[in-house]
Amino acid sequence: MAHADRVHVAGISLRTRGPVDVATVHVTFQPGGSTGWHVHPGPALVTVKTGQLTLHRAKGCRTRTFGAGQTFLELGLADVNLTRNETGTVTETVVTFLLPVGAPTTVDAPAPRHCPQ
């Protein structure tokens, strides 16, 4: 659990309304593997270590692919999304979550009807 409620370092500002849990996980995606549609109770910073990962966002049905060395942000409860390895090789990521104390890292969400699967 982190206790700093304001951080300003290297042009980055972070402010919380109280303590937060910080969790970092290593996620390996096999070819074709995905997270399923989901949200996070707080922001998640995803860094692709090897391979490629495609992010599908329900809002606007937007899709973007990230390669090794690239990072993207999942924006919390309002950001319903699915990430998938759409390549023929393994993809490895490191994900850092900032969460309300005691919250799970991921919550399943229904697939959006308006976006192609």
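Remember, it's a predicted structure, so these values are computed and weren't measured experimentally.

**Q** What exactly am I supposed to notice about the state of the cysteines here?
**A** Chemically, a disulfide is nothing more than a covalent bond linking the sulfur atoms of two cysteines. Using the criterion set out here, one finds 1 disulfide in the structure. Linked covalently through their sulfurs, Cys61 and Cys115 form a disulfide whose S-S length is 2.2 Å. On the sign convention where negative is left-handed, the bridge of Cys61 and Cys115, at about -95 degrees about the S-S bond, is left-handed. A residue pair is termed long-range when its members are at least 10 positions apart, and Cys61 in the loop between strand E6 (52-57) and strand E7 (62-67) and Cys115 in the segment after strand E11 (107-108) qualify at 54 residues. Look at Cys61 and you get partly exposed, because its relative accessible area is 28%.

**Q** Could you clarify how one ought to interpret the pairing of strand E5 (residues 44-50) in this entry?
**A** Every regular strand shows the same layout, with side chains that alternate between the two sheet faces. In this structure, E5 lies alongside strand E8 (residues 71-74), joined through 4 bridges in antiparallel fashion. Within E8, the residue paired with Thr47 across the bridge is Thr71. Alignment of E5 against strand E10 (residues 91-100), held across 6 bridges, turns out to be antiparallel. Pairing of Val46 across the sheet is with Val95, part of E10.

**Q** Would you mind going over the pattern of salt bridges with me for this structure?
**A** Two side chains of opposite charge can pair, provided their charged atoms sit close to one another. Under the criterion given, the structure shown has 2 salt bridges. A salt bridge links Glu86 to Arg84; its shortest N-O distance comes to 3.4 Å.

What counts, and where the lines are drawn
- Residues numbered from 1 in each chain as written.
- Predicted model: local features only at pLDDT ≥ 70, side-chain atom pairs only at ≥ 80, totals over all residues.
- Heavy atoms only, no water.
- Disulfide = S-S within 2.5 Å.
- Helix = DSSP H or I, 4+ residues; strand = E, 2+ residues; numbered from the N terminus.
- Buried < 20%, exposed > 50% of the residue type's maximum accessible area, 1.4 Å probe, protein only.
- Pairing = 2+ DSSP bridges.
- Salt bridge = Lys/Arg side-chain N within 4 Å of Asp/Glu carboxyl O.

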